[in-house]
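Read off the chains here:
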Amino acid sequence: MTKVDDTTHMTTTAEVGGIGHRVRRHEDARFIEGQGNYLDDIKLPGMLHMAILRSPVAHARITSIDTSEAAALEGVIAVVTGELMDQHGLAWMPTLSGDTQAVLATDKVRYQGQEVAAVVATDPAIAVDALELIVVEYDELPAITSPQQALEPGAVLIRDEKEGQTDNRVYDWEAGDKAATDAAFARADRVVELSTFYPRSHPSPLETCGAIADVNSVTGQATIYLTSQAPHAHRTLFAMVAGLPEQDIRIISPDLGGGFGNKVPIYPGYVVATAASLLIGRPVKWIETRSENLISTGFARDYYMKGQLALTNDGKILALRVEMLSDQGAFYADAQPTKFKAGLFHVVTGSYDYPAAHIVCSGAYTNKAPGGVAYRCSFRITEASFLIERLVQNAAYELGIDPAEMRFKNFIQPEQFPYHSPTGFVYDSGDYPTSLRKALDEVGYAQLREEQAAARADGRLIGIGIAHFTEAVGAGPSHTYDIAGLKMFDSAELRVHPTGKAILKLGVKSQGQGHETTFAQIVAEELGIPVTDVKVMEGDTDNTPYGLGTYASRSTPVAGAATAMVSRKLAEKAKIIAAHLLEASSDDIELKAGEFFVRGTPSHSVTIQDVSLAAYTNMPEGLEHGLEGVHYYDPPNLTYPYGSYIVVVEVDAETGVWKVRRMVALDDCGVRINPMIVEGQIHGGLTEGFAMSSMQWITFDDDGNCIGSNFMDYLIPTAWETPRFELLETCVPSPHHPIGAKGVGESATVGSPAAYVNAVIDALAHLGVRNIDMPLLPDRVWSAIQTAQG
Amino acid sequence: MEVTVTVNGSEQAHDVEPRVLLVDFIRTRAGLTGTHIGCDTSNCGACTVLLDGTPVKSCTVLAVQADGCAVTTVEGLKSNGTLRPIQAAFKENHGLQCGFCTPGMMLVGSALIETNPEPSDDDVRWAISGNLCRCTGYMNIVTAIQAAAASTADA
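I will try to describe carefully the structure that is included in this document. (Residues numbered from 1 in each chain as written. Chains lettered and ligands numbered in written order. Predicted model: local features only at pLDDT ≥ 70, side-chain atom pairs only at ≥ 80, totals over all residues.)

1. Remarks on the overall build of chain B
Move 1: Scanning chain B from N- to C-terminus turns up five helices and five strands.
Move 2: What you see in chain B, going N to C, is helices and strands ordered as β-β-α-β-β-β-α-α-α-α.
Move 3: C-alpha extents for chain B along the principal axes are approximately 45 × 35 × 25 Å. (Helix = DSSP H or I, 4+ residues; strand = E, 2+ residues; numbered from the N terminus.)

2. With respect to the interface of chain A and chain B
Move 1: In this complex, chain A contributes 41 residues to the contact, which on the side of chain B involves 42 residues.
Move 2: Looking at the side of chain A that touches chain B, the element that brings in the most residues is helix α18 (residues 675-694) of chain A, giving six residues. (Contact = placed C-beta atoms within 7 Å.)

3. As for the nonpolar core
Residues and elements named next belong to chain A.
Move 1: The biggest cluster of nonpolar side chains holds 307 residues, and the ones touching the most others in it are Met50, Leu104, Ala118, Val119 and Val760.
Move 2: Per element, the largest residue contribution to this core is 12 residues, and it comes from helix α16 (residues 555-582).
Move 3: If near-sequence neighbours (up to four positions away) are discounted, Ala118 is found in contact with Met50, Ala51, Ile52, Leu53, Val80, Leu104, Val272 and Ala276. (Core = buried A, V, L, I, M, F, W, Y, C linked by C-beta atoms within 7 Å. Buried ≥ 20, exposed ≤ 12 C-beta atoms within 10 Å, placed from the backbone.)

4. What about the sheet that holds strand β14 (residues 284-287) of chain A?
All names here are of chain A.
Move 1: Here we have seven strands laid out as an open sheet, ordered β3-β7-β1-β14-β11-β12-β13, and mixed in their pairing. Looking at the sheet topology across the chains shown, the edges are occupied by β3 (76-81) and β13 (249-252). Recorded for the sheet is a direction-independent mean angle of 20° between the axes of neighbouring strands.
Move 2: With six bridges connecting them, strand β1 (residues 48-54) and strand β7 (residues 115-121) associate as antiparallel partners. Bridge pairing links His49 to Ala121 in β7.
Move 3: Of the strands in this sheet, β1, β3 and β7 are in contact with helix α5 (residues 124-131), which crosses β1 at around 25°.
Move 4: Along the sheet face, helix α8 (residues 231-242) touches β12 (222-226) and β13 and points at about 145° away from the line of β13. (Pairing = 2+ DSSP bridges. Axes fitted to C-alpha atoms, helices over the stretch in contact; angles between N-to-C directions.)

5. Looking at the sheet that holds strand β8 (residues 135-140) of chain A
Residues and elements named next belong to chain A.
Move 1: Spatial strand order, β6-β2-β8: three strands in an open sheet with antiparallel pairing. Looking at which strands have only one partner, the edges of the open sheet turn out to be β6 (108-109) and β8.
Move 2: Where strand β2 (residues 60-66) lies against β8, six bridges are found, and the strand directions are antiparallel. Bridge assignment links Ile65 to a residue of β8, and that residue is Val136.

6. Description of the environment of Leu83 of chain B
Residue and element names in this part refer to chain B.
Move 1: Relative to the helices and strands, Leu83 resides in the loop between β5 (70-72) and α2 (85-92).
Move 2: With 48 residues separating them along the chain, Leu83 and Thr35 place their C-alpha atoms 17 Å apart.
Move 3: Excluding its chain neighbours within four sequence positions, the residues that come into contact with Leu83 are Lys78 and Ala88.

7. Structural notes on the environment of Met1 of chain B
Residues and elements named next belong to chain B.
Move 1: Checked against the element boundaries, Met1 lands in the segment before β1 (2-7).
Move 2: Considering only alpha carbons, one finds Met1 and Arg19, 18 residues apart in sequence, at a separation of 10.0 Å.
Move 3: Sequence-distant contacts of Met1, defined by excluding residues within four places in its chain, comprise Asp15, Val16, Pro18 and Val64.

8. Some points on unusual backbone geometry
Residue and element names in this part refer to chain A.
Move 1: In this structure, Pro418 follows Phe417 across a cis peptide bond, with omega equal to -5°.
Move 2: Ala475 connects to Gly476 through a cis peptide bond whose omega is 10°.
Move 3: In this structure, Gly476 sits in the loop between β20 (461-470) and β21 (482-483).
Move 4: With a phi close to 55°, Phe260 is a non-glycine residue in the positive phi region.
Move 5: Mapped onto the fold, Phe260 is located in the loop between β13 and α9 (268-280).
Move 6: With a phi angle near 50°, Ser553 is a residue other than glycine that sits in the positive phi range.

9. Describing the pairing of β2 of chain A
Move 1: Here β2 of chain A pairs with β6 of chain A via two bridges, running antiparallel. Pairing of Arg61 of chain A across the sheet is with Lys108 of chain A, part of β6 of chain A.

10. Some points on α18 of chain A
Move 1: Over its 20 residues, α18 of chain A runs 28 Å from end to end, which matches the ideal 28 Å to within 8%, given 1.5 Å per residue.
Move 2: Burial analysis of α18 of chain A places 18 of its 20 residues in the buried class, which makes it a mostly covered element. (Expected span 1.5 Å × (residues − 1).)

11. Points about the pairing of strand β2 (residues 10-15) of chain B
In regular strands, side chains alternate between the two faces of the sheet.
Move 1: Within β2 of chain B, only zero of the six residues are buried, leaving the element largely exposed.
Move 2: Where β1 of chain B folds back on β2 of chain B, the antiparallel hairpin that results is connected by two residues, among which Asn8 of chain B adopts a positive phi of roughly 50°.

12. Section: the packing of α2 of chain B against helix α3 (residues 102-115) of chain B
Residue and element names in this part refer to chain B.
Move 1: Here α2 crosses α3 at 125°, and the two axes come no closer than 10 Å. With respect to their mutual orientation, α2 and α3 come out oblique. Here the hand of the crossing between α2 and α3 comes out right-handed. Along the contact surface, α2 presents Ile86, Gln87 and Phe90, while α3 presents Thr102, Met106, Gly109 and Ser110.
Move 2: Split by residue class, the contact of α2 with α3 holds three nonpolar, four polar and no charged. (Parallel < 35°, antiparallel > 145°, perpendicular 65-115°, else oblique. Left-handed = near helix turned anticlockwise from the far one by under 90°. Nonpolar A, V, L, I, M, F, W, Y, C, P; charged D, E, K, R; others polar.)

13. Structural notes on the packing of helix α11 (residues 381-399) of chain A against helix α12 (residues 403-410) of chain A
All names here are of chain A.
Move 1: Running from N to C, α11 and α12 point in directions that differ by 110°, and their axes come no closer than 8 Å. Classified by the angle their axes make, α11 and α12 are roughly perpendicular. Two packed elements cross with a definite hand, and for α11 against α12 that hand is right-handed. Residues Val392, Gln393, Ala395 and Ala396 of α11 form the contact with α12, whose own contacting residues are Pro403, Met406 and Arg407.
Move 2: Class assignment of the residues belonging to the contact of α11 with α12 gives a composition of five nonpolar, one polar and one charged.

This is the structure we're talking about:
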């Protein structure tokens, strides 16, 4: 197995800045001077402002809406209701999971915060003032606030408008082999079970969601500025929903202030703003407040999970059984591949080798906001990774085996790759034992266990939590993965100009990941064009090739591959031009670090810049002019990044407060294009994992009121609480990716929650504590200690 | 009401409603969009500016309260065509990702360095604990502010 790290892999000089260089980010120049261009910074001539009236209750029939007073307010241009939208066939829209969602409510409201009406005015404050003047009468219905309640016989029907829907069930789905799993459980020495709830969370990027719709009533041209992680897919969906000709729709996704999955769906506000602009003939801007963002746009998680491991007494896993019940909110609007009802949750077998697994998943409608977005994860892998890592940890306690040893006993071995998992995944590459061994050595595991024992004797609580996660990212391949029918390939278009400077255009869209630098580095690596000479463009559907967008860690695995492949296409043509300039046969030309030379005589060479000029000034006869190409990349498989995370905590038994003493994170994401950016991504993900394990959740009272509708109630960790991280790496390249990269944007969010929780549970394991649901608030930890101590 | 605020050295006089927030005055009247809005509750700090040299969340200050004051925004950090050390340090140390919290972080950091030329890790973390970042996990922001302090002291 080839192992490289960034220093041994580097083939280019720092000036060229190819793969492995810590190139400082090109995009930073505008951000550090306040010259970013986020949605709310855009101001168009004649622009109007829209505000949305939302339901104050979770479930009610609308008996009347009176907009007369609002419409009469000076400065109000229009008041839009569901009735008006319905006249244009736009009161409902399809979701990314094949359901429908109300744009503006016509019959009932189904969650608190649902869109009821909109006001368009000359000033944003006037629009908000006018909302106060709209009078809506509601006839309240019982609110359903959990999926268990939703599936009780006789529960009030939330989706009564939906033909054929007789209960609140959204889907039933299963994966794996039930018979083989049952047989393995029948011969098991022990069965270890864990029921845990992964609570509802929200990605809450610092910039909320919004749109500016500018529809020209004469030409029909619709330019829609959108906080969009997937502008091309959104254009197609706009064409399908609104019936606008696709060539007349231009989606511009400007600088995004974070996304984390929150900016994948199409929200009602986008549709209403577009309809309003179409009807009024002026640009209409809508941008959410933070509360609107938290109560109505794509939530994440909300999975009730029960897992069982069939085990031998000496710690071998024989099989896994999982039952999962998901709270979908009022509309099934998960952003996920069509074939899979619970995303890629069935990757739940994790980093371990056993022959059988059976996963049963169900989803239910509740009176909560819809969404189910992959919050910084590849389609529900976060929930899966959490469950298996918590289960393995608990199995170790029950069998009296060290939690690290338990993992070594069951790891998929390096020689087993490509590894066929019992639920149908084909893991591409990895060396899990080396990864965990290295992380354990770094943290000083043996000494920590000794310290823990001594501390316990002293009445102090120290815990060591381990998680070894395996992700599955970078969808396609297109034969298995699509979103709303659109195959999950991605694209890159590269043009090298006469002076040797290049423009790279991509179908993906950065939300802070540094695409303008990373993807330029791939071109620099492949063609030897200095990274500062490559401009990267994204986020404008009229000026970039079609792609499915940035989420599920797919930009590097898919668009990164497309960038390498289009660069190689250009290199082939460049070799023919170089042969012409060197008066040699193109078969004899080699390209290395931007120099084309005749094999065996490196002194006889031309540069990529010479070749670029010749492509426009001195072409060999019969060859098409220019140095330009496009590549649509359909990955042959997902990539499988992995890592070993170890958290050391100290728990105060008197208060339940826990503090992270160490967080050692080893990531293997294959080849690292820009190690600096990779480390930044990991820092961010480890923080989000800490957030979910310690404080960040959205809950509801029995009436369906959202608790967590602002940053005072929905806690985001500050610098003060956030742990310091120690990063490690190994590098087992992806065998099928053109540059061996696997993607890393979400690894730490996926892998780390179990590490933090396992650490706290480990501190209390000797008391018999086996589970505390997230977030591990001090009172929950304290109560667990009290209960365990009787 | 007529409100006059000196923003980055340039006088901005505008007739505004009493309810207009300083952040809106800066963004829509003065036309400087580097100051961002991230929440409605003064928790996130994306709107942080310096009011007579002191960091404030400009969503918590009415424009009328700033009448006669001097405001520095991110656009005012650069002087005579040269980046402030804090700006260069954020780029050099990868202290930003999406860039939305960055103006507030840099302004708080620059104010900290004024009073504390050698801030410890805890000093920096306490100073920026009113500013949220969803991307970086704060590690590189802390490093950037400390690096800016070091290069300011050297200058």
